[in-house]
Structure formats: structure tokens, C-alpha cells
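Residue strings, one per chain:
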Amino acid sequence: MNQWTNRLAPQLRALVELAVHDGHMTQAAAALGVPQSSMSRRIHALQEELHVPLLIHDGRVVRLTTAAQRLARQVREPLRELDQAIDDVTGEADPDQGTVRFGFPLTMGSGRVPDLLAAFRHQYPGIKVLLKQAHGSALSADLLAGDLDLAVVIPAPERLRHVRVGTQQIRAVVPDDHPLAALKHVRLADLKNETVIANPPSYNLRQLTEAWCQEAGFTPDIAFEVTEFATIRELVNRGLGIALLPHDERLPPGLTELPLLGSRYHRDITLAWGATTEAPSTRRLSSFLLRHLN
């Protein structure tokens, strides 16, 4: 422990910054607020301490070895959590300042989440929120890896602390001139002869679509696989097929959403945390979202 606190922590922090700045010693030194000479000494001292090559000198460019890159990835989150824990205990952390790395699903790129983020920014202008959109499994992986602090995740991530904050209704989306568009609702079996536009197989909604259709007695005829829900709606609008998609409060013109008969065509919306130690600024955002999403 003495070796960690007295010698290795400053050196490891220097290595993490060097990895973040792709080997640019001057930029990494500036980020740490130390002279470049001090930065260089820390990296070389760590190399001597570990007896492992960390740097590759290629002319005037410095590159990190594979071992150095792996070590930087592994210690980045523990160092961040150590800073957060000390700040929390000493009362140094300002809850109205800081950065929160926040993720949310591709299906929620319009409507409530962007509205809430705008309201949060207005209320807490000192907190920077770095945004990432991805599908549920990618967001869960980023939370587990420490690359995100907080995320709205669909479906609920089993290995992460999470709270259910809502439900996402899944509906059939058809063009306005489709024969089914005049109906108030449809049975899933009514879609068995339709061409379907869906996500790739790794997406949760694709898996649910196939499972629900199988239970309704047919295999969906999936002609197009698309990652972006906005693109799926564009293709539906052009008559290339129909789709099962989450309800969109801002549905584009030319499309009709049809509720599906039955009570199971929905997905839980959850708020999930990555790190075991929640920074004050992250707590500000999570509390704000819990108040307004529930």
C-alpha cells in the first residue's frame, strides 16, 4: 500500500494521461498541470519500477507499448474512483461542477430525454454532460468498463445497479396509405404477410420481434436490417416494409403507429449506474432524472 500511495499513484496517473493524449507528452503534461520534464520523469520512473517497457520512441513521436496501453486501461477507473472517494470524504467535491459521462438509447434520441438534458443544463450550467447514444448491450458494456457513469438502458442490465423509470410501448409502424393504417389497433398475426424492417440480430428489439412473431404463429419476413430507428422509419415511409418500433412522440409525417392487441408488447426503461462510487455531479444528474422520468 505504501508503494502505491507514495510512488506509483502519480506515475500511473501520468501514464493514463499519456494514453488519453495518444502519446503526446506536452499535452499530457498540460492536462496534469506539470512541466513536461516532470511528466517524462514519472513515466520513466514507472518503467524502471515495473521493469516493463512502456514507451516506444519512433523519431520524435512517443508511442505506448501494448503493456502500457493495457495498464492504463486497467488503472484509469480505480484512480478516478480514488479521487471521487477522497473528494467525497473531505467535502472537496463540488456537486454543481464536474463532468458526467451519460448514455441513452438510440430509440430515445428525440423527445423526453433530450428535453430533460436541456432542462438539467439550464439548472446546472457548471456540470458538463458528455453524451453517447448506443443500443442497450453497448451501453451496459460501457458502464461495466467504466466508460460511462450513468445511462438510460433498455432492457434492464442484469449485472448493474439500476432502477426502473418507465415503460416503452412497442407499436406497428406503417405508411399512411397502408391498408392497415385505418385501423385503431392490430393483432401481431395481422402482420404475418408483411415485409418487416428490423434491427440487426444483436439488438434487443430484434430479438423481441422474432420471439413475439413466433408466438403469434409466424416467422417475420425481415428484408432489411438497420441500426438507426430514424432510418427504419424513412424506409417504412417509402413503402419498403413495416416495422415494430417504440412509440415516437414526434412521429414523422406520412407514418401511422398502430397499437398491438395484447399487454406484453413493451420494454422496461431503466436508469443504470456504472461505478460503485457515485460522484456528486453524477448524483445531481441521476437524482434529476429519477424525479422527472418516474
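Above this text you will find the structure in question.
How each quantity is defined
- Residues numbered from 1 in each chain as written.
- Predicted model: local features only at pLDDT ≥ 70, side-chain atom pairs only at ≥ 80, totals over all residues.
- Heavy atoms only, no water.
- Axes fitted to C-alpha atoms, helices over the stretch in contact; angles between N-to-C directions.
- Helix = DSSP H or I, 4+ residues; strand = E, 2+ residues; numbered from the N terminus.
- Parallel < 35°, antiparallel > 145°, perpendicular 65-115°, else oblique.
- Left-handed = near helix turned anticlockwise from the far one by under 90°.
- Contact = heavy atoms within 4.5 Å.
- Nonpolar A, V, L, I, M, F, W, Y, C, P; charged D, E, K, R; others polar.
- Salt bridge = Lys/Arg side-chain N within 4 Å of Asp/Glu carboxyl O.
- Buried < 20%, exposed > 50% of the residue type's maximum accessible area, 1.4 Å probe, protein only.
- Phe/Tyr/Trp six-rings, centres within 6.5 Å; stacked < 30°, edge-to-face > 60°.
- Lys NZ or Arg CZ within 6 Å of the ring centre and 35° of its normal.
- Polar contact = N/O pair within 3.5 Å; in protein donor to acceptor, adjacent residues only side chain to side chain.
- Expected span 1.5 Å × (residues − 1).
- Arc of directions from axis to C-beta.
- Pairing = 2+ DSSP bridges.
- Right-handed = clockwise from strand over helix to strand, strands pointing away.

### Overview of the packing of helix α5 (residues 112-123) against helix α9 (residues 280-293)
- Two numbers describe how α5 lies on α9: the axes approach to 11 Å, and their chain directions differ by 130°. By the angle between their axes, α5 is oblique relative to α9. In the crossing of α5 with α9, the sense of the turn from one axis to the other is right-handed. Listed contacts from α9 to R112, L116, A119, F120 and Q123 of α5 are R284, L285, F288, L289, H292 and L293.
- Across the contact of α5 with α9, the residue classes tally to 7 nonpolar, 2 polar and 2 charged.

### Some words on the pattern of salt bridges
- Evaluated as defined, the whole model comprises 14 salt bridges.
- Here R101 ties to D149 by a salt bridge, and the two come within 2.7 Å at their closest N and O atoms. With R101 in strand β3 (residues 98-105) and D149 in the loop between α6 (136-145) and β5 (150-153), this pair connects stretches of sequence that are 48 residues apart.
- Exposure remark for D149: the relative accessible area of 6% places this residue in the buried category.
- A salt bridge links E234 to R238, with the nearest nitrogen and oxygen atoms 2.6 Å apart.

### Considering the environment of G23
- Examined against the element boundaries, G23 turns out to sit in the loop between α1 (2-20) and α2 (25-32).
- Put simply, G23 and R63 are 40 residues apart on the chain and 5.3 Å apart in space, counted from C-alpha to C-alpha.
- Dropping the residues within four chain positions of it, G23 is found in contact with L18, V62 and L64.

### With respect to the packing of aromatic side chains
- With the rule as written, the count across this model stands at 4 aromatic pairs.
- When the centroid spacing of 5.4 Å and the interplanar angle of 70° are considered together, the rings of F120 and F288 count as edge-to-face. Taken as a pair, F120 in helix α5 and F288 in helix α9 lie far apart in primary sequence, 168 residues in all. Both residues of the pair, F120 and F288, count as buried.
- The structure contains a cluster of three or more aromatic residues connected by ring pairs, namely F120, Y124 and F288.
- Across the ring face of W273, the terminal group of R161 is positioned such that the distance to the ring centre comes to 4.1 Å.

### Points about the side chain of T65
- Tracing the backbone shows T65 in the loop between β2 (61-64) and α4 (66-90).
- At 2.8 Å, the side chain of T65 forms a polar contact with the backbone oxygen of P53.

### Things to note about the side chain of E257
- Tracing the backbone through its elements, the reader meets E257 in strand β10 (residues 255-259).
- Classification of E257 by relative accessible area gives buried; the value is 13%.
- At 2.6 Å, the side chain of E257 and the side chain of H247 are in polar contact.
- In this view, E257 contacts R171, A172, V173, P246, H247, D248 and L251; residues no more than four positions away in its chain are not counted.

### With respect to helix α3 (residues 36-50)
- Taking 1.5 Å of rise per residue, 15 residues should cover 21 Å, and α3 covers 21 Å from first to last C-alpha, within 8% of that figure.
- Among the residues of α3, those classed as buried are S38, M39, I43 and L46. Here the buried residues of α3 occupy an arc of 135° about the axis, which is enough to place them on one side. Away from its buried face by more than 90 degrees, α3 exposes R41 and E48.
- Remark: H51 follows α3 within two positions and exhibits a positive phi of approximately 60°.

### Some points on the pairing of strand β7 (residues 195-198)
- Sheet topology note: the β7/strand β8 (residues 221-225) ladder contains 4 bridges and is parallel. Across the sheet, residue T195 finds its bridge partner in β8, namely D221.
- Handedness of the crossover joining β7 and β8 through helix α7 (residues 204-215): right-handed.

### Re α7
- For α7, built from 12 residues, the straight-helix expectation of 16 Å at 1.5 Å per residue is met to within 8% by its first-to-last C-alpha distance of 17 Å.
- Along α7, the residues that are buried comprise L205, R206, T209, W212 and C213. Each buried residue of α7 sits inside an arc of 135° when the element is viewed along its axis, so together they form one side.
- Just past α7, the residue G217 takes up positive phi, approximately 100°.

### Some details on the packing of α2 against α3
- Relative to each other, α2 and α3 sit at 100°, their axes nearing to 8 Å. As summarised for this structure, α2 and α3 are arranged roughly perpendicular, according to the angle between their axes. Between α2, through M25, T26, A28, A29 and L32, and α3, the contact on the second element is made entirely by Q36, M39, S40 and R42.
- Among the residues making up the contact of α2 with α3, the classes are represented as 5 nonpolar, 3 polar and 1 charged.

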